[in-house]
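# Chain and residue survey
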Amino acid sequence: MIFLLDKVDPFVETKLLGMYSKCGSLQEAYQVFDEMRERDFFAWSAMIGACSRDSRWSEVVDLFYMMMCDGVVPDSFLFPKILQGCANCGVFETGKLIHSIVIRCGMGSEIRVNNSLLSVYAKCGLLSCANRLFECMEMRDMASWNSIIMVYCHKGDIVEARRLLNLMRLEGVEPGLITWNILIASYNQLGRCDEALEVMKEMEGNRIIPDVFTWTCLISGLAQHNRNNQALELFREMIVNGDLRRGRELHSLVVKLVYDGEVIVGNALVDLYSKCGKLEAARLVFDMISEKDVYSWNSMIGGYCQAGYCREAYDLFRRMLEFEVSPNVITWNVLITGHMQNGDEDQALDLFWRMEKDGSIERDAASWNALIAGYLQNGQKDKALGIFRKMQSFGFKPNTVTILSILPACADLIASKKVKEIHCCVLRCNLENDLSVANSLIDTYSKSGSIKYSKAIFDGISTKDIISWNTLIAGYVLHGCSSEAIKLFHQMKEAGLKPNRGTFSSVISSYGLAKMVEEGKHMFSSMSEEYQIVPGLEHHVAMVNLYGRSGKLEEAIDFIENMSMEHDISVWGALLTASRVHGNLNLAVHAGEQLLKLDPGNIVIYQLLLQLYVLRGISEESVTVMRPRKRNHHEESLGWRWTEINNEVHAFGSGQQSNSEVPDSWIKRKEVKMEGSSSCNRLCITEEEKEDITRVHSEKLALSFSLINSPQSSRVIRIGKWPWTCHFHADKSLLPRGIDRSAVFWRNVLHEVVQVIVKHWWRRWEAMG
């Protein structure tokens, strides 16, 4: 139909391309794609998705390079598909290139992207790269641990792999079936069959049931080392314990006894094959069932959805209607979940609204949860919150799954009222006694600036776990309340709980805030000596901050040089902040140069380094550092800030007016000079940046506007910025709080300037009475 038009609309072309790609018609998709005059992000995404679904990994990598040449950059949902292609093709150079792009685009904290990068490094055997990335990850899930364990197993370092598995459990992540299988396979490859058998027993002791891979790996390992009798004995044990192979044997027995047409037996077999990922076998059994019931259809549809074949699942759903078998709520929920997980939100939403209209099926909480979880998984928090509101307006009570899904989406919003609204919902639904819900509320309240509510919830928990204690301790650190954090840590130990990695990271940071160097050093050493916990990157950064805040710069640089792991941008960022605060220009320049080496394309680091050079007496002409590229859209977005006053959100951009009138001539004049600033605080601006001289920093605008319009001494001022939200307490000290100064360095250097500006406005406010 596209050829009947004289001039094809790019929107129509993109829709056609998406249709062909989702239908598996790769040749037609390529035809539309090749003839497109304008290819936007959605066109590239559809084409890459089509190739990945067809396992054409080399084409996925080629499309990535073409996409970049076309000036289109992937997002955090497309990068994992491209990285999967890199891993399967073994092109680690492309993986490293993508890693650098991910960091520059601010996606370094996306766990799906990081896990995909880890998978590339693991499959390519890049131990140092994988380990460095793993240590830098702020969040780690089971997939993260599996990847890093696999790297060491591939290198034959089974001791380190085993240590990591134990460390994984200490951090509260229980190893899954894949984790144990990786370890078992590694032992077998090294010829250590007895130890592999012991690992399987340990796995079963942790209530993990071996699958066909586990049994096959162990049996083949014994057979390869001429232990045939043991291999046969293990085979018999596998039959007794049951797995897919046993299911096939039972299937053959069913066929011999002519029970294969029975619906109950058939449903069990379809469910077995579907859950084991054997869809062809499941479909053969399904087609042989003479009188299918709703459970037969649900098992087969669920199998297709779980494997990502939503088109086949929907086709089967339509056939189900043709056979006049009425779908139940499980049928609809499985389809909605499958489409959301595969990124087809429009179809999922269409099915959701059709449930009651066309299917006469009343939605349940799982129906709403499928949409909420899907939108959050796809990074669309606003849509998830919208569905949550609709869920309540339709009279549905959220359950634990709903609350645990939606609360993290509110942790970085400016308005804390949404958290209170969800808290009220928790109370109405009698979920406040659920420990996981309470812990999530503690975390969300602290991140939205309401630490007193976090403490109130914590005090109301009758039985606290390590997550409860760690969450509140981290909240106190976030708000700069070091003494409260340290006190809570000692209370935790008195209660008999053993601190883990997260605990130590927060407590060392607390000692850093309090400038208690010796106590922080003791805490760091006790990690490995007393608790057998290997310090990670976050603990090393906390130690650099500990030394830096107390002015012990020589000890800080010695600590960095003696680190056992590779230096990260956050380590040098912490040193740079400390050097500038304490007036050590030489060390500040050194830290800035190291930062630029790690991130050579960062314009912010480059500008700061130029300023340091000038302060040190080095002329701009003699500087040999290459200037990075011009700012892109992502970097420009760093200049925007938001604040909320009287239920109204006000946006401020650097060099731009607020969306509200700000009654002060200071903003109109756009002054940038600060009275009484020291040599270390003066800003030096290059010739190319002279047009920015009259611009006022957006955070200064937002903070000043908030102080003028809300002069309550006890008020917490929330200033949202991409991609963080900061909290400032409007008391007479006016120290910025809520900023993790051990993370990215430009969050650290800002507070010196803000202090001067805030104190200026505080004096003016006091003068006005």
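Residues numbered from 1 in each chain as written. Predicted model: local features only at pLDDT ≥ 70, side-chain atom pairs only at ≥ 80, totals over all residues. Heavy atoms only, no water.

Before going further, it helps to examine the overall build of the protein chain. Each helix and strand in the protein chain was counted, giving 40 helices and five strands. Counting the 769 residues in the protein chain, one finds 50% classified as buried. Long-range contacts, defined here as pairs at least 24 residues apart, represent 59% of the contacts in the protein chain between residues at least 6 apart. When the accessible surface of the protein chain is summed, it comes to about 36900 Å², and 52% of that surface belongs to carbon and sulfur atoms. (Helix = DSSP H or I, 4+ residues; strand = E, 2+ residues; numbered from the N terminus. Buried < 20%, exposed > 50% of the residue type's maximum accessible area, 1.4 Å probe, protein only. Contact = heavy atoms within 4.5 Å. Areas by Shrake-Rupley, 256 points an atom, 1.4 Å probe, with all protein chains shown as cover.)

Attention now goes to helix α34 (residues 569-581). Between its first and last C-alpha, α34 extends 18 Å over 13 residues, near the 18 Å set by a 1.5 Å rise per residue. Judged by how many residues are buried, α34 sits mostly within the fold: 11 of 13 residues are covered. Among all positions in α34, only Ser-570, Val-571, Trp-572, Gly-573, Ala-574, Leu-575, Leu-576, Thr-577, Ala-578, Ser-579 and Arg-580 are buried. Phi turns positive one or two residues past the end of α34, at Gly-583, with a value near 75°. (Expected span 1.5 Å × (residues − 1).)

Moving on, we get to the side chain of Ser-448. Relative to the helices and strands, Ser-448 resides in the loop between α26 (435-447) and α27 (451-460). You can call Ser-448 buried: its relative accessible area is 1%. At 3.0 Å, the side chain of Ser-448 and the backbone oxygen of Tyr-445 are in polar contact. (Polar contact = N/O pair within 3.5 Å; in protein donor to acceptor, adjacent residues only side chain to side chain.)

Note on placement: Gly-308 falls in the loop between α18 (294-306) and α19 (310-322). The spacing of Gly-308 and Asn-342 is 34 residues in sequence and 6.5 Å in space, taken between C-alpha atoms.

To continue, consider the pattern of salt bridges. Any two side chains of opposite charge can pair if their charged atoms end up close together. What the rule picks out here adds up to 21 salt bridges. Asp-459 is the partner of Lys-455 in a salt bridge, and the nearest nitrogen-oxygen pair spans 2.8 Å. One end of the pair, Lys-455, and the other, Asp-459, are both in helix α27, four residues apart, so they sit about a helical turn from each other. We classify Lys-455 as partly exposed; its relative accessible area is 27%. Judged by relative accessible area, Asp-459 falls into the partly exposed class, the value being 47%. Of the charged contacts in the structure, one is a salt bridge between Arg-501 and Glu-538, with a shortest N-O distance of 3.6 Å. Here Arg-501, found in helix α30 (residues 501-514), pairs with Glu-538, found in helix α32 (residues 537-549); they are 37 residues apart in sequence, far enough to count as distant. The exposure class assigned to Arg-501 is buried, which follows from its relative accessible area of 4%. The partly exposed category is assigned to Glu-538, whose relative accessible area is 26%. (Salt bridge = Lys/Arg side-chain N within 4 Å of Asp/Glu carboxyl O.)

In this section: unusual backbone geometry. The phi dihedral of Ser-55 falls on the positive side, at around 60°, and the residue is not glycine. If you trace the backbone, Ser-55 turns up in the loop between α3 (41-53) and α4 (57-69). Taking relative accessible area as the criterion, Ser-55 reaches 45% and is therefore assigned partly exposed. Positive phi values are uncommon outside glycine, yet Arg-207 reaches one of about 65°. By the element assignment, Arg-207 lies in the loop between α12 (193-205) and α13 (212-224). Overall, Arg-207 belongs to the exposed group, its relative accessible area being 78%.

Now for the nonpolar core. Of all hydrophobic cores here, the largest spans 117 residues; its most connected members are Met-300, Ile-301, Ile-336, Ile-403 and Leu-575. Counting residues in hydrophobic clusters, the runner-up holds 77 residues, among them Leu-117, Cys-129, Leu-164 and Met-203. (Core = buried A, V, L, I, M, F, W, Y, C linked by side-chain atoms within 4.5 Å.)

Do not read the fine detail of predicted coordinates wherever pLDDT is low. In the predicted model, the protein chain carries a mean pLDDT of 78, and the fraction of residues at 70 or more is 76%. Across residues 631-637, confidence stays below pLDDT 50; counting only partners more than four residues off in sequence or on other chains, it has 12 contacts. (pLDDT = per-residue confidence, 0-100.)

Taken together, the side chains of Glu-554, Glu-555, Asp-558 and Glu-561 make up a negatively charged region of the molecular surface. In this structure, Glu-555 sits in helix α33 (residues 553-561). (Patch = residues over 30% accessible without salt bridge, like charges linked within 9 Å, V, L, I, M, F, W, Y side chains within 5 Å. Lys, Arg positive; Asp, Glu negative; His and termini not counted. Charge placed at Lys NZ, Arg CZ, Asp CG, Glu CD.)

What follows is about the packing of aromatic side chains. Within the structure shown, the criterion is met by 19 aromatic pairs. Where Phe-41 meets Phe-42, the ring centres are 5.8 Å apart and the plane angle is 80°; that geometry is what we call edge-to-face. Residue classification places Phe-41 among the partly exposed positions, given a relative accessible area of 22%. Pairing Phe-286 with Trp-297 gives two aromatic rings, centres 5.0 Å apart and planes at 80°, and the pair type is edge-to-face. On the criterion of sequence distance, the pair formed by Phe-286 in helix α17 (residues 279-288) and Trp-297 in helix α18 is long-range, its members being 11 residues apart. Each member of the pair, Phe-286 as well as Trp-297, is classed as buried. An aromatic cluster of three or more residues is present, and its members are Phe-352, Trp-353, Trp-368, Phe-394 and Phe-396. When the ring centre of Phe-33 is taken as reference, the NZ or CZ atom of Arg-39 above it lies at 4.2 Å. (Phe/Tyr/Trp six-rings, centres within 6.5 Å; stacked < 30°, edge-to-face > 60°. Lys NZ or Arg CZ within 6 Å of the ring centre and 35° of its normal.)

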